[in-house]
Amino acid sequence: MSSSVVLAFSGGLDTSVGIGWIKDATGCDVIAVAVDVGQGGEDLEVIRERALACGAVDAVVVDARTEFAEHFCMPALKADALYMDRYPLVSALSRPLIVKHLVSAAKQFGADTVAHGCTGKGNDQVRFEVGITALAPELSCIAPIRDLGLTRDKAIDYAEAKGLPIETTKKSPYSIDQNVWGRAVETGFLEDIWNGPIEDIYSYTDDPAIARNADEVIISFEHGIPVAIDGSPVTPLQAIEIMNARAGAQGVGRIDMVEDRLVGIKSREVYEAPGAMALIAAHQELCNVTVERDLARFAGTARQRWAELVYDGLWFSPLKRALDEFFTTVNEHVTGDVRMTMHGGRAVVTGRRSSHSLYDFSLATYDTGDTFDQSLAKGFVTLWGLPSRMAAARDERTQG
Ligand code: ARG
């Protein structure tokens, strides 16, 4: 029989009730683990005390914001990772980090089971369980909501019957997941995909339609990582936080999409990721200036694959890890400054400079000082077109 269970604890109704449920169903002690990935909201100490009050034998809280920014968000930025070309992987990036802390808590407390509060319909169950399998295959996983049929109504009844210290009447119609990289909002009236998002659902961004002055920012990168904003040095976490505030105030980074979940369902999500989307826009442009053409083209395919692997819960997989090495190489020369104007929901690059630039004014200019030898172009174009010319001649011969 299992000795104890480590539970990924958010402090919300489901995981609070989950503590007692797991204990009742398995007879095991429950250790709650809460991880701060920059989701804001309640103080970690309050969450810790709630876990203990709900019956956990121990509760661990981890401030993982710096780790999340440096080891999860920055690799995503280096890859300009956008699932389905749009979603910056907000939730998908935080799950493997939570998994790491669950595994270390399980080792610390000698637990042999890990529990999470995901339903059976989403991606996060996959990310937790595949992550656990990759890091600690000896651990088993349980998901009370999915496996023990813990519905919201039952959770409320249970909390009231046991007098658990949680607010059970507050009923948000939305399912929200947020961290420093962004915010995801689903369910409620958004499940009708014809319904437009209302202003109420946003919290990281202001309405882009509200008139305000544009904000111009200069972001400096070293090897693909933001290191300064308007000349002041920043850590990756600070860069994201500052850009969340500044780009968020301009309504940058709102995304309303229908996405393909790993379990086969198409679902509607509304995201807001002002910092992530502004940083990605700046980083992409610096790549355009500093990354050699064929490497950039290949990176375009690899970034899509990277995003799919992370979305699909394969953060710790060999291919994902190999692609991280590839993107470190891609970012070797991604050093320099990007100037952007943020306004009306858009972050638009207006200038770039880099000592690693491959842009050569004397090759590009149409003015005096041109060093490009145009006489070489004629022969190049003739040979470049040779296969097409041969194919056209063959078509005429065989079809005529
Ligand atoms: N669809 C997103 C993903 O799978 C977000 C999931 C969590 N979203 C939520 N609103 N609870 O990464």
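Located above this text is the structure these notes cover.
Residues numbered from 1 in each chain as written. Predicted model: local features only at pLDDT ≥ 70, side-chain atom pairs only at ≥ 80, totals over all residues. Heavy atoms only, no water.

(A) Up close: the pattern of salt bridges. Enumeration according to the criterion identifies 25 salt bridges in this entry. R95 serves as the salt-bridge partner of D124, at 2.9 Å between the closest nitrogen and oxygen. Of this pair, D124 sits in helix α5 (residues 124–135) while R95 sits in helix α4 (residues 90–109), placing them 29 residues apart in sequence. Using a relative accessible area of 9% as the deciding quantity, one classes R95 as buried. Each of R95, D124, R127 and D177 takes part in salt bridges that share partners, so that together they form one network. (Salt bridge = Lys/Arg side-chain N within 4 Å of Asp/Glu carboxyl O. Helix = DSSP H or I, 4+ residues; strand = E, 2+ residues; numbered from the N terminus. Buried < 20%, exposed > 50% of the residue type's maximum accessible area, 1.4 Å probe, protein only.)

(B) Focus on the sheet that holds strand β11 (residues 254–260). Read from one edge to the other, the open sheet built from four strands follows the order β6-β7-β12-β11, with strand pairing classed as antiparallel. Where the open sheet ends on each side, the last strands, each with one partner, are β6 (175–179) and β11. The mean inter-strand angle of the sheet, taken between neighbouring strand axes irrespective of direction, is 20 degrees. When β11 meets strand β12 (residues 266–272), the two strands line up antiparallel, connected through seven bridges. By the bridge assignment for β12, M257 is matched with E269. Those strands touched by α4 are β6 and β7 (182–186), and its axis lies near 70 degrees from that of β6. (Pairing = 2+ DSSP bridges. Axes fitted to C-alpha atoms, helices over the stretch in contact; angles between N-to-C directions. Contact = heavy atoms within 4.5 Å.)

(C) Region of the structure containing the sheet that holds strand β5 (residues 140–142). In spatial order, the strands read β3-β2-β1-β4-β5; together these five strands make up an open sheet with parallel pairing. For this open sheet the edge positions go to β3 (58–63) and β5, each flanked by a neighbour on one side alone. For this sheet, the mean inter-axis angle between neighbouring strands, taken without regard to orientation, is 25 degrees. Sheet topology places strand β2 (residues 29–36) next to β3; six bridges connect them, and they run parallel.

(D) Representation of the site of the ligand. Inspection of the region around the ligand gives 14 residues, with Y87, N123, S175, E259 and E269 positioned closest. Within the backbone of A184, a nitrogen or oxygen atom sits 3.4 Å from a nitrogen atom of the ligand. Take E259: an N or O atom from its side chain is 2.6 Å from a nitrogen atom of the ligand. Across the shell around the ligand, the residue classes tally to five nonpolar, three polar and six charged. (Near = heavy atom within 4 Å. Polar contact = N/O pair within 3.5 Å; in protein donor to acceptor, adjacent residues only side chain to side chain. Nonpolar A, V, L, I, M, F, W, Y, C, P; charged D, E, K, R; others polar.)

(E) Examining α5 more closely. The end-to-end C-alpha distance of α5, which contains twelve residues, comes to 16 Å, matching closely the 16 Å that a straight helix rising 1.5 Å per residue would cover. What α5 keeps buried is the set D124, Q125, V126, R127, F128, E129, G131 and I132. Where the residues of α5 are buried, they touch β1 (4–8), α4, β4 (113–115), β5, α6 (144–147) and α10 (293–311). (Expected span 1.5 Å × (residues − 1).)

(F) Local environment of the packing of helix α3 (residues 65–78) against α4. In contact at an axis separation of 10 Å, α3 and α4 are set at 135 degrees when each is read in the N-to-C sense. Classified by the angle between their axes, α3 and α4 sit oblique to one another. For the pair α3 and α4, the sense of crossing is right-handed. Taken together, the residues of α4 that come into contact with α3 (itself represented by E67, F68, F72, C73 and A76) are V90, L93, S94, P96, L97, K100 and H101. A class-by-class count of the residues in the contact of α3 with α4 yields eight nonpolar, two polar and two charged. (Parallel < 35°, antiparallel > 145°, perpendicular 65-115°, else oblique. Left-handed = near helix turned anticlockwise from the far one by under 90°.)

(G) Molecular detail of the packing of α10 against helix α11 (residues 318–330). The geometry of α10 relative to α11 is characterised by a closest axis approach of 10 Å and an angle of 145 degrees between their N-to-C directions. For α10 against α11, the interelement crossing comes out left-handed. Where α10 approaches α11, its residues L295, F298, A299, A302, R303, R305, W306, L309 and V310 are matched on the opposing element by L319, K320, L323, D324, F326, F327 and V330. Here the contact of α10 with α11 is composed, by residue class, of twelve nonpolar, no polar and four charged.

(H) Quick peek at unusual backbone geometry. Even without being glycine, D80 reaches a positive phi, approximately 45 degrees. Owing to a relative accessible area of 6%, D80 belongs among the buried residues under this scheme. Despite not being glycine, D230 shows a phi value in the positive range, around 50 degrees. Tracing the sequence through the fold places D230 in the loop between β9 (225–229) and β10 (232–233).

(I) Region of interest: the nonpolar core. Counting residues in each nonpolar core, the largest one holds 84 residues, and the members touching the most others are L89, W181 and W306. It is α4 that contributes the most residues to this core, ten residues altogether. Sequence-distant contacts of W306, defined by excluding residues within four places in its chain, comprise P75, A76, A79, A81, L89, L93, W315, K320, L323, D324 and F327. Core analysis: the next-biggest nonpolar cluster, separate from the first, contains 26 residues, W21, C28, A115 and I156 among them. (Core = buried A, V, L, I, M, F, W, Y, C linked by side-chain atoms within 4.5 Å.)

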